[in-house]
Amino acid sequence: MKASDWDGAFMKPLLQTLNGLSAGRKLAVAALMCGATTLAAGPLHDVLDLANIVMLFLLTVLLAAAALGRAAGVLAAFLSVLLFDVFFVPPRFSLAVQDAQYLVTFAVMLAVALITAHLAAALRREAHVAARREAQTHALYELARELAGALDGAQVDEITRRFFRQAFAIDAQLFLPDTGGALVPATPGAPAAEPILARLAFDSAMTMNDDEHAGGRYAAAWLPLKAPMGVRGVLRARPLDTEADTLHAQKTLLETAASLVAIVVERLHYVDVAQESQVETASERLRSSILSALSHDLRTPLTALVGLADSLALLEPPLPAPALETAAALRDQAVRMHGMVANLLDMARLHAGQVALRREWQPVEESLGAALNLLRPALGGRPVRVNLEPDLPLLELDAVLMERVFCNLVENAAKYSPPGAPIDVDVRRCGDEVVVAVCDRGPGFPADKSRLFSMFVRSDNAKPGVGLGLAISRAIVEAHAGTIAPEDRDGGGARVVLTLPVGTPPAVDEEPA
Amino acid sequence: MTARVLIVEDEREIRRFVRAALEHEQCEVFEAAGVQQGLAEAGTRKPHLVVLDLGLPDGDGVDFIRDLRGWSDAPIIVLSARSQETDKIAALDAGADDYLTKPFGVGELQARARALLRRQERRGDAASPEFAFGDVKVDFTRRQVTRAGQPVHLTPIEYRLLCLLIAHNGKVLTQRHLLREVWGPGSVERSHYVRVYIGHLRQKLEADATQPRHLLTETGVGYRFQP
């Protein structure tokens, strides 16, 4: 029996009407069909053989089972046997049977009717399932086709919503992670709050059912969008039809649809990542080429200026003393200007996150010693006392940057304390940190220390400098996972304390002495 | 003998004061504005010292050093910017002897040039059996180190490191070079060893180990011994 046999102009609507009946009504219709057969066969009782009347009843059972399902078919089978016995088998209008051989007829008739009912009902169900599956497959295919063209999360959301509404009678809502990782609705303009079930579904990669509202108006299933590389978001499904248990019945279908959406969201994610890194690489290249061009272009004339001013002192015959003084002043100004340019460029690099630390294990006093050696001419004989605790661990530092920090701190201490006053540098271990304190006997820091390490802040406007030194020092120390803080020194003066984490230094095999 | 010096630098004004500084040191100075011209000049003038800018427009300064080292061992001073430590290391590993960070003063340049030229002159002399710096004396024949007359005990590695630094007196030695020479070619990964042992030497030989005067750190590059 092919589906097209049933596909008559009136059979289809009729079958659909029958399908829509409740279980009780289906049974009533089956009973009516048996009654009608009895009425129709009644006048033919004299014309037809009893065996042919049995056929009519069997046909009725088949039709009832095919159209109304198994329960109706079984009812029709029993009713048919009963009605046949009462109305057709002599003695008529009684349950009694004259001829014992009719008992065999009843038994066979009942067996055939039941088997027919069973087969017809099974067939009906399979046809039904096949049709539904085809419709679902078609729906999923349509969804996949539309999603393939989606360009962003909002479009995916729009397509998914429309689709779930039309094909599954479900109100769908996508929740995608935002830049901070919180799951927020992908629909533009929706309130950006993260529902707890969305988070649960996302984290566990399992469907969460809103049990509290199960079957009610707010029943919802939260489906994780599982893509090959991970969970990409959550889809909330709410049935539009609040009576039927749509969510449960269509669980597999919903999950399949969710995985389709997931793949699209993941594709979009990787497109984003690729684009972002492209843009980032491009802007990084631009930034670093601007910085290096700038530093080269500024340094070259400054180098010439320093050297040329210096070379004035070499002239023969020697220049008069005032001219030499001017030359020295020119040189000093050029050197200072170079320092400022270097600071500005360093700050720009550090701020842009451009500086890749070249960290190596070394004793902290090495950068400190190198800084003091660099500063020796600038310190002009001012004593610097370094108190180094013995047996300090090696630290993983970028030596060049740490040298900058120590230079800045010692230079600052020298700048803000009376000429000739000693500067103390204490280095000791304190738990998991090495603490370096640079102390002077100057006027100390102002009461409000909060902004000292910000850019362009100086504690005394009469002193030269752009006020970048401390900001750069802080950026460098923080890049080393350390801290830096200004303090008041006991007995007057300023104290800058920086801490550097110890980490796990590599072993040094001691050689036999 | 007048020392011949070649300046390879593209900036005219920088060339001008470098020339003035070196002529003041009684050197005969030749100039080149790029790598190609520099190599040609080096071939004809046979300089005793080369002052080389690393940022030349027509080529890599490091290639210049490699080329020159193919046939000349004239000392090379490299001019470069701070924050170009990798370039400096590459130049030193390729065979440069010293570097100056821009901007630099005339006095610094003259001192470095003098030191390298003096070393160049002394190269032919028989090695002295003794070397002294500060209050430290090193007796190479007896492998003995004394400080203010008192013997100082050095481990074999410390002694080898000190001898290497003294042998390249005034020259910047990169971490990698020191590791290879003292610890052997398989030790390039153990760069912290150099720092630790330099620290030992400073403690034993320097007046103030935290502010060394002889065993100097060239931050991010290596070390220099200065008598």
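Given the structure is predicted, the values throughout are model-derived calculations rather than measurements.

What follows is about the pairing of strand E11 (residues 215-218) of chain B. Residues and elements named next belong to chain B. Every second residue of E11 is oriented toward a common face, with Leu215 and Thr217 on one face and Leu216 and Glu218 on the other, all of them buried. Sheet topology note: the E11/strand E12 (residues 222-225) ladder contains 4 bridges and is antiparallel. If you follow threonine 217 over to E12, its bridge partner there is tyrosine 223. Joining the antiparallel neighbours E11 and E12 is a turn of 3 residues, in which glycine 220 adopts a positive phi near 80°.

Across the contact, 43 residues belong to chain A and 44 residues belong to chain B. Around 3600 Å² of area is buried between chain A and chain B when both sides are counted, 59% of it from carbon and sulfur atoms. In terms of surface lost to chain B, no three residues of chain A exceed Leu314, Glu366 and Glu511 of chain A, which account for 17% of the buried area on that side. On inspection of chain A and its partner chain B, the count reaches 3 salt bridges. With its nearest N and O atoms 2.9 Å apart, the salt bridge here joins glutamate 360 of chain A to arginine 195 of chain B. Linking chain A with chain B are 8 residue pairs in polar contact (both at pLDDT 80 or more). Taken together, the elements giving at least two residues each to the side of chain A that touches chain B come down to helix H9 (251-311), helix H10 (321-351), strand E6 (360-362), helix H11 (364-379), strand E7 (384-388) and helix H12 (399-415) of chain A. Here the side of chain A that touches chain B takes 10 residues from H9 of chain A, the largest share from any one element. Its residues assigned to classes, the side of chain A that touches chain B comprises 21 nonpolar, 8 polar and 14 charged.

Moving on to the environment of glycine 493 of chain A. All names here are of chain A. Examined against the element boundaries, glycine 493 turns out to sit in the loop between strand E11 (483-488) and strand E12 (494-501). Along the chain, glycine 493 and glycine 444 lie 49 residues apart, while their C-alpha atoms are 4.1 Å from each other. Discounting residues that sit within four places of it in the chain, glycine 493 has contacts with Asp440, Arg441, Gly442, Gly444, Glu487 and Asp488.

To continue, consider the pattern of salt bridges. Under the defined criterion, the tally for this structure stands at 35 salt bridges over all chains. Here glutamate 158 of chain A makes a salt bridge to arginine 162 of chain A, at a shortest N to O gap of 3.3 Å. With glutamate 158 of chain A and arginine 162 of chain A both in helix H6 (residues 153-168), this residue pair falls 4 residues apart, about one helical turn. Its salt-bridge partner being arginine 165 of chain A, residue aspartate 171 of chain A comes within 3.4 Å of it at the nearest N-O pair. Overall, aspartate 171 of chain A belongs to the buried group, its relative accessible area being 16%. Each of Glu360 and Glu366 of chain A together with Arg195 and Arg202 of chain B takes part in salt bridges that share partners, so that together they form one network.

Our focus in this paragraph is the sheet that holds strand E7 (residues 136-139) of chain B. Residue and element names in this part refer to chain B. Spatial strand order, E6-E7-E8-E9: 4 strands in an open sheet with antiparallel pairing. Edge positions in the sheet fall to strand E6 (130-133) and strand E9 (150-152), since each has one partner strand and no second. Within the sheet, the average angular offset between the axes of one strand and its neighbour, ignoring direction, is 25°. For E6 and E7, the ladder comprises 4 bridges, and the chain directions are antiparallel. Each residue of the ladder has a partner; that of alanine 132, found in E7, is lysine 137. In this fold helix H6 (residues 156-167) packs onto E6, E7 and strand E8 (144-147), with an angle of close to 100° to the strand it touches most, E7. Packed onto the sheet, helix H8 (residues 191-205) meets E6, E7, E8 and E9 and runs at close to 50° relative to E8.

Moving on, we get to the confidence of the model for chain B. Taken as a whole, chain B shows an average pLDDT of 89; of its residues, 96% reach a score of 70 or greater. We note a pTM of 0.61 for the whole complex and an ipTM of 0.86 for its interfaces.

Right, let's talk about the sheet that holds E12 of chain B for a bit. Residues and elements named next belong to chain B. One open sheet holds the 3 strands; their spatial order is E10-E12-E11, and the pairing between them is antiparallel. The sheet terminates laterally at strand E10 (172-174) and E11, the two strands that pair on one side only. Taken over all neighbouring pairs, the strand axes of this sheet differ in orientation by 30° on average, direction set aside.

Next up on the list: the nonpolar core. All names here are of chain A. Counting 43 residues, the largest nonpolar core has Val364 and Leu498 as its most contacted members. For this core, the leading source of residues is H12, giving 9 residues. Setting aside chain neighbours within four positions, we find valine 364 in contact with Leu392, Leu395, Leu397, Phe406, Val427, Val434, Val436 and Leu500. With 30 residues, the next largest nonpolar core counts Val61, Ala64, Leu83 and Val89 among its residues.

Conventions adopted
Residues numbered from 1 in each chain as written. Chains lettered and ligands numbered in written order. Predicted model: local features only at pLDDT ≥ 70, side-chain atom pairs only at ≥ 80, totals over all residues. Heavy atoms only, no water. Buried < 20%, exposed > 50% of the residue type's maximum accessible area, 1.4 Å probe, protein only. Helix = DSSP H or I, 4+ residues; strand = E, 2+ residues; numbered from the N terminus. Pairing = 2+ DSSP bridges. Contact = heavy atoms within 4.5 Å. Buried area = accessible area lost by both parts, 1.4 Å probe. Salt bridge = Lys/Arg side-chain N within 4 Å of Asp/Glu carboxyl O. Polar contact = N/O pair within 3.5 Å; in protein donor to acceptor, adjacent residues only side chain to side chain. Nonpolar A, V, L, I, M, F, W, Y, C, P; charged D, E, K, R; others polar. Axes fitted to C-alpha atoms, helices over the stretch in contact; angles between N-to-C directions. pLDDT = per-residue confidence, 0-100. Core = buried A, V, L, I, M, F, W, Y, C linked by side-chain atoms within 4.5 Å.

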